[in-house]
Amino acid sequence: MITLKDISKIYKTKSGEITAVKDVNLSIKKGEIFGIIGYSGAGKSTMIRLLNGLEKPSSGTVEVNGQQISSISGSQLRQARQKISMIFQHFNLLWSRTVSENIAFPLEIAGVSKAERAKKVKELIDLVGLSGRENAYPSQLSGGQKQRVGIARALANNPEVLLCDEATSALDPETTDAILELLLDINKRLGLTIVLITHEMHVIRKICHRVAVMEAGRVVETGEVLQVFQNPQAEITKNFVMQVSGTKESKESIEQILVNYPTGKIVKLTFIGKKTEQPVIAQIIKEFNVEVNIVHGNITQTTSGPYGTLIVQIDGHPNQVEEAFKVLESREIQAEVIEHV
Amino acid sequence: MFNQLLPNVDWQDMWEATYDTLYMTIISTGVTFVLGLAIGILLFLTSPHQMWANKIVNFLTGSLVNIFRSIPFIILIILLIPFTKYLLGTIRGVNAALPALIIGSAPFYARMVLIALREIDKGVIEAARSMGAKTSTIIWKVLIPEALPALLSGITVTAVTLVGYTAMAGIIGAGGLGNLAYLEGFQRSREDVTILATIFILIIVFILQWIGDAITTKTDKR
């Protein structure tokens with residue numbers, strides 16, 4: 001569906017060249033929700049704009065929906081853009097138009113007749129849950145409602161691909177979840193391919209199937225979301241995973257426990273999928289003569305199943321602790337000893 | 001009673017002069033709006049990172065605007081006498097004032113248009129481009145509607161300035177209230193005519209400002 005080949009993007013500025021994207025190769029499947037995560041300045045904004053030709057690569061090719069976006073221009077590119085729509089962090093609605101008129105805008109661009117526009121707009125307003133607000137102006141809407149208008153507007157021309165540029169970054173956590181639910185629903189119902197960029201692992205966790213991690217213009221890691229959560233490779237990915245697993249906040253409590261109980265081992269257990277439901281801790285305590293002290297626990301849902309982390313202190317005779325570890329391993333639960341924080 | 005307070009006022013002349021002032025103001029404001037808008041949009045679109053980014057066109061247009069904006073209006077009128085004569089065959093009458101009025105105010109308004117367009121959220125233009133909009137669609141459906149309140153308050157200011165310019169144009173015999181105040185009031189020392197002409201001009205300015213403010217408020221949905 002989407003293929004990026006050897007993409008580099010270099011901006012020429014007065015103070016020299018800036019490499020925004022470097023040697024990126026990616027392929028995104030049809031119907032997939034693909035997330036690109038990175039801190040600000042990592043090159044994500046440039047990446048997503050390469051997909052609809054708002055930016056042209058300095059080298060490499062971008063293919064979306066069977067068309068070489070990187071080499072077409074003029075009316076061909078404008079036609080292609082009608083099938084690759086985009087939503088934005090700051091919504092970018094026209095304040096001079098009502099909700100209905102905003103949603104009708106892309107239809108006007110596509111040359112759809114007035115009667116058909118009205119019909120389509122009504123459908124979309126129902127789809128995003130804005131019935132009754134048709135004649136409101138953007139200034140009268142909340143952030144979440146504005147993004148709903150943004151989504152309806154993006155869906156107007158029945159696109160194949162939806163690009164989300166930090167679509168939830170300006171929203172509060174609850175609204176973020178509602179918007180993410182809506183995107184997930186649209187993906188399932190319309191089979192739309194969604195590419196989103198974000199700096200929040202929470203967003204990736206909640207709706208993405210696959211993720212690419214960006215740092216300094218490069219993609220440093222790609223993979224299934226669950227796999228990346230379980231086994232992050234790059235340092236930056238580990239940091240992002242910590243955002244969600246909450247291990248960052250538990251650092252202090254671990255430090256405290258390391259001081260208070262110098263004898264035991266602090267272990268981080270990672271559970272994936274069905275394994276999250278096993279009563280493994282109880283079993284260890286029963287079977288072996290060890291004490292288990294729970295420091296921190298967390299479980300989160302991803303699109304491909306639950307993901308949990310548990311930080312425990314295991315104390316007892318070294319042999320017994322060793323045996324306990326073996327049981328954990330046999331259950332395919334990742335156990336990682338934390339010695340220093 | 002009026003005739004006692006204003007012994008020298010010829011009402012026929014007064015109304016004619018008011019009509020002339022209104023005529024010059026309205027026509028020149030209308031043309032200035034269209035011309036200034038076009039120049040302002042050109043300046044905006046040819047500026048760096050915009051859709052028609054073009055250093056040369058931007059520099060030349062910007063320079064012309066600055067030059068005509070900098071010439072004092074009274075001097076501009078004199079400079080434009082040969083041009084007006086060529087265009088209309090005469091330098092007398094209300095129509096003869098129009099070229100100077102328009103050339104004097106369009107660059108001024110173009111600057112205001114540019115400022116108004118720069119205030120538009122860049123993201124909205126980007127959104128329109130991402131939908132596959134042509135530049136002409138962006139001009140008509142994004143730039144103008146989104147900048148409309150600022151464009152309208154700008155043209156109101158310009159219209160008020162133009163009322164002042166018409167009075168100056170009166171010096172070269174264009175007619176209007178300025179001409180009347182100068183010829184009748186000043187040169188023949190009939191103060192009552194000057195005062196009444198001033199009151200009429202004030203009324204015109206107030207009405208223009210009131211209409212402008214009302215429309216601006218009505219269009220602003222932010």
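These figures come from a predicted structure and were not determined experimentally. (Residues numbered from 1 in each chain as written. Chains lettered and ligands numbered in written order. Predicted model: local features only at pLDDT ≥ 70, side-chain atom pairs only at ≥ 80, totals over all residues.)

## A closer look at the packing of helix α9 (residues 177-186) of chain B against helix α10 (residues 191-219) of chain B
Residues and elements named next belong to chain B.
Here is step 1: Orientation of α9 relative to α10, taken along the N-to-C sense of each, is 165°, at an axis distance of 7 Å. Between α9 and α10, the angle is such that the two are roughly antiparallel. By crossing handedness, the relation of α9 to α10 is classed as left-handed. Residues Leu177, Leu180, Ala181, Glu184, Gly185 and Phe186 of α9 lie in contact with α10, whose contacting residues are Glu191, Val193, Thr194, Ala197, Thr198, Phe200 and Ile201.
Here is step 2: Along the lines of polarity and charge, the residues of the contact of α9 with α10 split into 8 nonpolar, 3 polar and 2 charged. (Axes fitted to C-alpha atoms, helices over the stretch in contact; angles between N-to-C directions. Helix = DSSP H or I, 4+ residues; strand = E, 2+ residues; numbered from the N terminus. Parallel < 35°, antiparallel > 145°, perpendicular 65-115°, else oblique. Left-handed = near helix turned anticlockwise from the far one by under 90°. Contact = placed C-beta atoms within 7 Å. Nonpolar A, V, L, I, M, F, W, Y, C, P; charged D, E, K, R; others polar.)

## Let's talk about the sheet that holds strand β12 (residues 290-302) of chain A
Residue and element names in this part refer to chain A.
Here is step 1: The strand order across the open sheet built from 4 strands is β12-β13-β11-β14, with neighbouring strands paired in antiparallel fashion. Of all strands in the sheet, those with a lone pairing partner are β12 and β14 (334-338), marking the two edges. Along the sheet, successive strands turn relative to each other by an average axial angle of 20°, direction set aside.
Here is step 2: Relative to strand β13 (residues 305-316), β12 runs antiparallel, the two sharing 12 bridges. Within the sheet, the bridge partner assigned to His296 lies in β13 and is Ile311.
Here is step 3: Lying on the sheet, helix α12 (residues 318-330) is in contact with β11 (265-272), β12, β13 and β14; it crosses β13 at an angle near 170°. (Pairing = 2+ DSSP bridges.)

## Brief notes about the pairing of strand β1 (residues 2-13) of chain A
All names here are of chain A.
Here is step 1: Taken together, the 5 bridges between β1 and strand β4 (residues 59-64) define a ladder with antiparallel strand orientation. The residue bridging Lys5 from the neighbouring strand is Thr61, located in β4.
Here is step 2: For β1 and strand β2 (residues 16-28), the ladder comprises 9 bridges, and the chain directions are antiparallel. Within β2, the residue paired with Leu4 across the bridge is Leu26.
Here is step 3: The hairpin formed by β1 and β2 contains 2 residues between the paired strands.

## With respect to the domain arrangement of chain A
Residues and elements named next belong to chain A.
Here is step 1: In terms of domain boundaries, chain A breaks down into domain 1 (2-241) and domain 2 (246-338).
Here is step 2: Taking only C-alpha atoms into account, the centre of domain 1 sits 38 Å from that of domain 2.
Here is step 3: Taken together, the 9 residues of domain 1 in the interface contact 9 residues of domain 2.
Here is step 4: For the side of domain 1 that touches domain 2, the element with the most residues is helix α8 (residues 225-230), which contributes 4 residues.
Here is step 5: For the side of domain 1 that touches domain 2, the class distribution of residues is 5 nonpolar, 2 polar and 2 charged. (Domains from an automatic or database assignment.)

## Quick look at the interface of chain B and chain A
Here is step 1: Counting residues at the interface gives 18 residues for chain B, matched by 19 residues for chain A.
Here is step 2: Of all the secondary-structure elements, those providing two or more residues to the side of chain B that touches chain A are α7 (122-130) and α8 (135-169) of chain B.
Here is step 3: Top element by residues in the side of chain B that touches chain A is α7(B). It accounts for 6 residues.
Here is step 4: Considering only residue class, the side of chain B that touches chain A consists of 7 nonpolar, 4 polar and 7 charged.

## Description of the sheet that holds strand β10 (residues 218-224) of chain A
Residue and element names in this part refer to chain A.
Here is step 1: Read across the sheet, 6 strands follow the order β6-β7-β8-β3-β9-β10 without closing on themselves; strand pairing throughout is mixed. The strands lining the two open edges of the sheet, one partner per strand, are β6 (84-88) and β10. Direction aside, neighbouring strands of the sheet carry axes that sit 15° apart on average.
Here is step 2: Here β6 runs beside strand β7 (residues 161-165); their pairing, made up of 5 bridges, is parallel. Across the sheet, the residue bridging to Ser85 is Leu162, located in β7.

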